[in-house]
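Here are the chains, one letter per residue:
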4 protein chains.
Amino acid sequence: MSLNTFGHLFRVTTWGESHGPALGATVDGCPPGVLIDESMIQHWLDRRKPGQNKYTTQRREADEVKILSGVFEGQTTGTPIQLMIENTDQRSKDYSDIMDKFRPGHADITYWQKYGIRDYRGGGRSSARETAARVAAGGLAREAIKAMVPGVQITGYMVQMGPHGIDRDRFDWDEVENNPFWVPDAKAATEWADYLDGLRKSGESVGAIIEVVARGVPAGLGAPIYGKLDTDLAAAMMSINAVKGVEIGEGMASATLTGTTNADEIFMGPDGPEYSSNHAGGILGGISNGQDIVVRFAVKPTSSILSTRRTITKSGKETEIITKGRHDPCVGIRAVPVGEAMMACVILDHLLLHRGQIGENRGSIG
Amino acid sequence: MSLNTFGHLFRVTTWGESHGPALGATVDGCPPGVLIDESMIQHWLDRRKPGQNKYTTQRREADEVKILSGVFEGQTTGTPIQLMIENTDQRSKDYSDIMDKFRPGHADITYWQKYGIRDYRGGGRSSARETAARVAAGGLAREAIKAMVPGVQITGYMVQMGPHGIDRDRFDWDEVENNPFWVPDAKAATEWADYLDGLRKSGESVGAIIEVVARGVPAGLGAPIYGKLDTDLAAAMMSINAVKGVEIGEGMASATLTGTTNADEIFMGPDGPEYSSNHAGGILGGISNGQDIVVRFAVKPTSSILSTRRTITKSGKETEIITKGRHDPCVGIRAVPVGEAMMACVILDHLLLHRGQIGENRGSIG
Amino acid sequence: MSLNTFGHLFRVTTWGESHGPALGATVDGCPPGVLIDESMIQHWLDRRKPGQNKYTTQRREADEVKILSGVFEGQTTGTPIQLMIENTDQRSKDYSDIMDKFRPGHADITYWQKYGIRDYRGGGRSSARETAARVAAGGLAREAIKAMVPGVQITGYMVQMGPHGIDRDRFDWDEVENNPFWVPDAKAATEWADYLDGLRKSGESVGAIIEVVARGVPAGLGAPIYGKLDTDLAAAMMSINAVKGVEIGEGMASATLTGTTNADEIFMGPDGPEYSSNHAGGILGGISNGQDIVVRFAVKPTSSILSTRRTITKSGKETEIITKGRHDPCVGIRAVPVGEAMMACVILDHLLLHRGQIGENRGSIG
Amino acid sequence: MSLNTFGHLFRVTTWGESHGPALGATVDGCPPGVLIDESMIQHWLDRRKPGQNKYTTQRREADEVKILSGVFEGQTTGTPIQLMIENTDQRSKDYSDIMDKFRPGHADITYWQKYGIRDYRGGGRSSARETAARVAAGGLAREAIKAMVPGVQITGYMVQMGPHGIDRDRFDWDEVENNPFWVPDAKAATEWADYLDGLRKSGESVGAIIEVVARGVPAGLGAPIYGKLDTDLAAAMMSINAVKGVEIGEGMASATLTGTTNADEIFMGPDGPEYSSNHAGGILGGISNGQDIVVRFAVKPTSSILSTRRTITKSGKETEIITKGRHDPCVGIRAVPVGEAMMACVILDHLLLHRGQIGENRGSIG
């Protein structure tokens, strides 16, 4: 079957296909009393908008969100909030010649094998268009977090494009909003621009690695053992189209570290416990420790490239396929706002899960 | 709060602390009619047993499983199955001097901050002892899978210990059960033995990378978008103690690949679709495509090492801590059976989720 | 918090307020390949439509459903289906004078106490308008059931209006669609018409008892112990606005029966087991036994009546309130299609939950 | 499939068969810091114990509960709590002659039809023994409620045995613990004793109606629309073996009331809103309003009576069956502690669901 809802208390159900009338997010469990309106959510969708710069897909979508329920006189009511985005630019004709072929690297063949039916226009439900709904939900989550814990900052950025990584010594938070790649390294931004131009011309594509950091998150969030904060973050990021790996803190590199180098020692600061380092990425035993929560995920290169690929048809006949029209040399760029949105939804969910526990034996220290 | 259940239809709830009377798994949703008895599950626990060789922790546990419900005349009844393991070797005195200190790198501090109370003996609920319950559940899952889809093989093995990886050209499936590291590379097994001896003597520890492969899994498994097969596998592996990264197929390396090199082209084989390669790790759009499902996860080095670490006490006083007694130079070794168990549980869950769909429009090809 | 989703595999999330822009149902888990279009769902909404006859509330709603996702070329795709109904007749001015008062018997006061904010227009989320979304989802469920098990018939009807019950000896299935009350007793239909006219003139209201029967449902449906078929049906009916009691089979009267009179004895028929009677209402141990599934629920009289009631304001000041405008002498009439819709959703959910179990030891008899 | 967990945050999974080695409840999500030990839970089990008086089944069970996890130094840790009860008195020989026959009125036939296998000893999983696990979980829930909201009182009692109801004018809370029927009417207690003696001698059985009241529950609990407090209570009671009807407040009688007589008018008391009556049973729009929460449920007569019944065998052969040995003339008596336990679990679950909402706009009045 299908399962289109994520979250435990802050539950988001996305719906809609690439070429259907609309798509959206049904958000249930948002706390009441959060100040919200369409423009506040639109802000986050505009960051994601394709066609915004010459590096991302030239599909022109207004991506205009409407709030159809759950908000009254400018505040959330605690009832379900329907965020709808109508599809306006679909260019059906781009896809009609591939209705019987399965694009390699895409979900065409597996959707057919699972459901026995697939909306072949633009990938249907498997299209990255679905992530617009997540970004809308994430915009709402950010406002709810603000109301619960002011001071939380969620920022996503690219740390690698294809084989080219950033230089962490040049890391500059302010640079993130300053270039089309959301990369915190001005020099890399310039180099990547040239690199990407080359890819666009050659019709090739590359993958990317995106890092999302949540600062100011209080300690204690996470629901061990199977609702651990890192478990939910891993699931959230892995659910994004084209993601093939997720890391927390040192990630896969943890394997090469020794116990001595990997440990984050603890000492007392003016406001409570502090750590000598953050190899853990802000999560210990699945629970936040108050440090920056650091998540990274890898996006594979799009398989829709402008060269011929071998494939088969629905009836099993071998054939070839070539993608015309839209071509995204690095889909990873647009995953940045999506990663931020997922981080926001998971953090809010866990704030709600953690609060309201009885008694005053909340583990204070000092 | 806490969330100790994983799975959608095949639901496993683990319970029990490192030093409590017992621990176990309450398994709900196992199909009826599966042939099972305690020895079949014990087999998988014995593979995990500490003290089995000189490389893993010298804690001697019988790890003897009892089936307390849900099985009648040698078959599952479809009712909940309680798998219980009594704790027999606990050596409480090893831990009593650290009851007020938080061990760096462990969940001691975050459990205190979240719950305001913690069972300090051996890590309590955060201890890796909990994984014994998962291995038991995984043993049961394997039998149910056998009854549903004979031919599925689930195998886990180490591919890296500390900085030392295997040589894929020497890959030998038969070698996996032949050495204490479950490593499919005989030469690596020898080299790692020496390496680990050195670590034990120096009191240091390292991390590891484990790969788990499921062969013979039919296409069509996975519940898009938020119950995707890779989403559930990522969550499953990330929930294992000390895991910091999860990969599917090419994993984080997907970022550096190009669209051309990353694509798995499709052609027709005698039994249906076949692929030129498996960069995808057997999953497309969150749904299995019939190829080997390949998952990797990184385990960080244990923080319980035999050198002094700086930390604080519950009352915020700075102090030092040193681990005495049990010391595991590479906890990753014991994660191999755990990764296999999680793979089994997730595969079974998705077999159950996928079956029973209406009509005969199951997407056959050819 | 709020929880606006029901169902295990066939999951329906309703959203929308009485006076918001729209309301609807996000349906997840509908099997693929079900033939569906807007007119098939519209059929069920038209049966529910207020203003259809002089006995129900004179609010004129087009109640026109739009399918925004999840359907392609006339078939469900297995992806989420968004069923949206725009609100067109709202008469805000009817409610503006009561924005600070809590209507006795309604959820006004408890929504305020829980959320600290409420959409006071027409009851907001607590309004019975929400049931339009359920009826839409139920229309979809009926089509999916048809595709899985042709021959299932779901019929709801009134058995009591205020103190006036039907005469079961005059029971006639064909009469149900023949009168404005969906009552299977022609004589009662005539008597109730007069009775209701009197109530409308006096400004009074009464309750009702609705019975819903599902015929042709195969044996074996239900997920013991906490997903029993009767448990889910009880929850489904109790969730309908104004419902105060739910019964299965003999219901509350079971208490007065003896073991001898209550037992449904079993014998063999040509097609399998048959029963001497159906006191059980088609469910034994929470699982369907192949007989008619009989559920009854009681709807309390509406508290919006045309006489003055004592109440308080948000600030705690005692005052009086009187309902103007719309007045429904028997809201129970419109609960008939809602009860049918809930029955359909639960039956489909359990068909999906039950199928796909392994092996061929499905308990055949004979 | 099966679903053996109930609750949203306070999640109870029961396991175990009538004649298996043990049964129990895995309780997840209990808040940390609740003072608890085995004797506190044993207290509630002892009230339920069969063989306690001559009116209930003469099966002698120690029903001794053990806490296997989740409690440390006398307090809950917030981790899963395993409550286990070993089965000690099973008298297998009582059932062995019926292994191929289906007892009418029991779940034997439907369990066979659903699972294709059944533990025929004592009803296996469908046996009322399962309710012992619920009573244990309920005992734990009561302690957690005490820690969160002191002053909540949960009391269950019989209001009808067979055709004999109580006289509400003679209602006396103190009488509940004073007689073997938990009936708040001393005269009825005497009359029922004679009545039940007669039934035991004749081998007949009757049903019962149990009422459970929760006093002192704060307003605001419930998670509309599908997690309404009354929805969850209806599901909880309907899940109890042999229950066929559930009512809130006036229940099925709501149908006969008029809008005028049914309304609970609101006025201001010294501590907040008060009501002129409680027809609503303490719940409006699915949310508690601070008044007594009143739930009633009907238990059907046991089908295990000492007279011959017609039935069939697994192979479809018509035959007869007669119950020997244990015979319960009124199983409803033992449902009283079970109803209380379910009320406690649901109330606690909703206390946890409701708390921790943001802001200070909790709807205060006055």
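The shown structure was predicted, so the numbers you read here are calculated from the model rather than taken from an experiment.

1. Observations concerning the interface of chain B and chain A
Interfaces are often sized by the accessible area lost when the parts come together. Each partner contributes residues to the interface: chain B has 109 residues there, and chain A has 109 residues. Note on chain B versus chain A: buried area summed over both sides is about 8800 Å², and carbon and sulfur give 58% of it. When the buried surface of chain B facing chain A is broken down by residue, Tyr 226, Lys 244 and Met 252 of chain B rank first, second and third, together holding 10% of it. Counting across the chain B and chain A interface gives zero salt bridges. At the surface where chain B touches chain A, the tally comes to 55 residue pairs in polar contact (both at pLDDT 80 or more). Among the elements that take part in the side of chain B that touches chain A, helix H2 (residues 108-115) of chain B stands out by supplying seven residues, more than any other. Split by residue class, the side of chain B that touches chain A holds 48 nonpolar, 44 polar and 17 charged. Across three bridges, strand S11 (residues 243-248) of chain A lies against strand S11 (residues 243-248) of chain B in antiparallel orientation. For Gly 245 of chain A, the partnering residue across the bridge sits in S11 of chain B and is Glu 247 of chain B.

2. Considering the packing of aromatic side chains
A full pass over the atoms with the stated rule returns 28 aromatic pairs over all chains. Ring geometry for Phe 171 of chain A versus Trp 173 of chain A: centroids 5.1 Å apart, planes at 75°, classification edge-to-face. You can call Trp 173 of chain A partly exposed: its relative accessible area is 31%. On the numbers, 4.7 Å between centres and 50° between planes, the contact of Tyr 226 of chain A with Phe 6 of chain B is tilted.

3. Quick notes on the UniProt feature "binding site: NADP(+)" (unreviewed entry) in chain A
Residues and elements named next belong to chain A. If you check UniProt for "binding site: NADP(+)" (unreviewed entry), the listed places come out as Arg 48 and Lys 54 in our numbering. By the secondary structure assignment, Arg 48 is in helix H1 (residues 38-48). A relative accessible area of 2% places Arg 48 in the buried class. If we ignore the near neighbours within four places in the chain, the residues touching Arg 48 are Asp 63, Ala 128, Arg 129, Thr 131, Ala 132, Val 135, Arg 334 and Pro 337.

4. As for the environment of Ile 365 of chain A
Relative to the assigned elements, Ile 365 of chain A resides in the segment after helix H7 (332-354). Residue class for Ile 365 of chain A comes out buried when judged on its relative accessible area of 13%. For the pair Ile 365 of chain A and Pro 273 of chain A, spaced 92 residues apart in sequence, the C-alpha separation works out to 7.5 Å. If near-sequence neighbours (up to four positions away) are discounted, Ile 365 of chain A is found in contact with Met 268 and Pro 273 of chain A together with Phe 102, Ile 109, Trp 112, Gln 113, Ile 312, Thr 313, Lys 314 and Gly 316 of chain B.

5. Let's talk about the sheet that holds strand S3 (residues 22-28) of chain A
Residue and element names in this part refer to chain A. If you trace the five strands from one edge of the open sheet to the other, you get S1-S2-S3-S7-S4, paired in antiparallel fashion. Looking at strand neighbours, the two that pair on one side only are strand S1 (5-6) and strand S4 (65-67), the edges of this open sheet. Sheet strands touched by H1: S4 and strand S7 (81-86). Its angle to S4, the strand with the most contacts, is close to 150°. Across the sheet, helix H3 (residues 130-148) lies against strand S2 (11-16), S3, S4 and S7, angled at about 35° from S3, the strand it touches most.

6. A word on the layout of surface pockets
There is about 380 Å³ of room inside the second largest pocket. Lining of the second largest pocket is provided by 20 residues; of these, Gln 113 of chain A together with Pro 218, Ala 219, Asn 289 and Gly 290 of chain B occupy positions nearest its centre. Elements represented by at least two residues in the lining of the second largest pocket include exactly strand S13 (272-275) and helix H7 (335-354) of chain B. A per-element tally of the lining of the second largest pocket places S13 of chain B first, with four residues. For the lining of the second largest pocket, a count of residues per class yields eight nonpolar, eight polar and four charged.

7. As for the pairing of strand S16 (residues 293-299) of chain B
Residues and elements named next belong to chain B. Counting buried residues along S16, seven of its seven residues qualify, which places the element largely inside the surrounding structure. Burial along S16 is two-sided: the face carrying Ile 293, Val 295, Phe 297 and Val 299 and the face carrying Val 294, Arg 296 and Ala 298 are both buried. In the sheet, strand S10 (residues 208-215) pairs with S16 via seven bridges, with the strands oriented antiparallel. By the bridge assignment, Val 212 is partnered in S16 with Val 295. Sheet analysis places S11 next to S16, joined by five bridges and oriented antiparallel. Across the sheet, residue Ile 248 finds its bridge partner in S16, namely Val 295.

8. Let's talk about the packing of helix H5 (residues 229-238) of chain C against helix H7 (residues 335-354) of chain C
All names here are of chain C. Across the interface, H5 lies against H7 with an axial gap of 10 Å and an inter-helix angle of 150°. Judged by the twist between their axes, the crossing of H5 over H7 is right-handed. Residues Leu 229, Asp 232, Leu 233, Ala 236 and Met 237 of H5 touch H7, and the partners they reach there are Gly 339, Met 342, Met 343, Val 346 and His 350. Partitioning the contact of H5 with H7 into residue classes produces seven nonpolar, two polar and one charged.

9. Quick look at the pattern of salt bridges
According to the stated counting rule, one finds 80 salt bridges over all chains in the structure shown. Glu 247 of chain A serves as the salt-bridge partner of Arg 296 of chain A, at 2.9 Å between the closest nitrogen and oxygen. Remark: Glu 247 of chain A occurs in strand S11 and Arg 296 of chain A occurs in strand S16 (residues 293-299); sequence separation between them is 49 residues. Look at Glu 247 of chain A and you get buried, because its relative accessible area is 8%. One salt bridge in this structure joins Arg 118 of chain C and Asp 108 of chain C, with 3.4 Å as the shortest N-O distance. Of this pair, Arg 118 of chain C sits in the loop between helix H2 (108-115) and helix H3 (130-148) while Asp 108 of chain C sits in helix H2, and the two are ten residues apart along the sequence. What makes Arg 118 of chain C buried here is its relative accessible area of 8%. Within the structure, one salt-bridge network assembled from shared partners comprises Arg 47, Arg 142, Glu 177 and Glu 340 of chain A.

Cut-offs and rules
Residues numbered from 1 in each chain as written. Chains lettered and ligands numbered in written order. Predicted model: local features only at pLDDT ≥ 70, side-chain atom pairs only at ≥ 80, totals over all residues. Heavy atoms only, no water. Contact = heavy atoms within 4.5 Å. Buried area = accessible area lost by both parts, 1.4 Å probe. Salt bridge = Lys/Arg side-chain N within 4 Å of Asp/Glu carboxyl O. Polar contact = N/O pair within 3.5 Å; in protein donor to acceptor, adjacent residues only side chain to side chain. Helix = DSSP H or I, 4+ residues; strand = E, 2+ residues; numbered from the N terminus. Nonpolar A, V, L, I, M, F, W, Y, C, P; charged D, E, K, R; others polar. Pairing = 2+ DSSP bridges. Phe/Tyr/Trp six-rings, centres within 6.5 Å; stacked < 30°, edge-to-face > 60°. Buried < 20%, exposed > 50% of the residue type's maximum accessible area, 1.4 Å probe, protein only. UniProt positions renumbered as here; feature names shortened; annotations may be inferred. Axes fitted to C-alpha atoms, helices over the stretch in contact; angles between N-to-C directions. 1 Å grid on protein atoms, 1.4 Å probe; cavity = no way out; pocket = protein on both sides within 12 Å on 5 of 7 lines; lining within 4 Å. Points joined across faces, edges and corners; volume = space filled by probe spheres on them. Left-handed = near helix turned anticlockwise from the far one by under 90°.

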